[in-house]
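Coordinates in review
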Amino acid sequence: LAGSPRVPAVRATQVYTRVTVDPRVCGEALQTRLATATERLLQRSESDAPYTYFAPPAWRSLPSDATLLRTLGLPTSTPVERATLERVFQGMAFVDPPGDLADAHRVARVNLLVSTLRAQLTDITVYRVGSVQVRVFILGRTRCGTVAGLETLVIET
């Protein structure tokens, strides 16, 4: 019996995900790594949107705001804001109430995603495009000299 002198009780209060640092990858291997890191993880907002892989084939450097808008087919008057990874995951990296295993699992998934992004991409830049329905692009340089990352949606009312 749990709690008896012979068998101690165990309570799970934290969830950890093992992250191994592998060499940087690109192409389909990067897409697979990011898909694994975002599996069952939604961007918290009114939309709870998934993350999708984003890699324009012609980009060899991080885009200017105008290049990003042109690629997306949006007017040049569309607002573009740069942000940090911390801002993207604001509100997703805490457990409330303490001991909530679903929240603890989500926090572990967010930490895995951030670790994966930092391990696989350099010069990570976050672009927030639009207002109210904000498309968020987390982009960086790959080992192959291209630009890739993730896209998601945040609803801000």
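The phi dihedral of R40 is positive, around 60°, even though this residue is not glycine. Along the chain, R40 turns up in the loop between α1 (27-38) and β1 (52-54). The exposed category is assigned to R40, whose relative accessible area is 63%. Positive phi values are uncommon outside glycine, yet D123 reaches one of about 50°.

Once that is clear, we can look at the state of the cysteines. Applying the stated criterion across every chain, the model contains one disulfide. C26 shares a disulfide with C144; S-S distance 1.6 Å. You can see C26 sitting in the segment before α1 and its partner C144 sitting in the loop between β4 (133-141) and β5 (147-155), a full 118 residues away along the chain.

Attention now goes to the pattern of salt bridges. By the definition in use, this model includes eight salt bridges. Close ionic contact of R118 with E86 constitutes a salt bridge, the shortest N to O distance being 2.9 Å. Of this pair, R118 sits in helix α4 (residues 101-120) while E86 sits in helix α3 (residues 85-88), and the two are 32 residues apart along the sequence. Between E151 and R135 there is a salt bridge, with the nearest N and O atoms lying 2.8 Å from each other.

Rules used throughout
- Residues numbered from 1 in each chain as written.
- Predicted model: local features only at pLDDT ≥ 70, side-chain atom pairs only at ≥ 80, totals over all residues.
- Heavy atoms only, no water.
- Helix = DSSP H or I, 4+ residues; strand = E, 2+ residues; numbered from the N terminus.
- Buried < 20%, exposed > 50% of the residue type's maximum accessible area, 1.4 Å probe, protein only.
- Disulfide = S-S within 2.5 Å.
- Salt bridge = Lys/Arg side-chain N within 4 Å of Asp/Glu carboxyl O.

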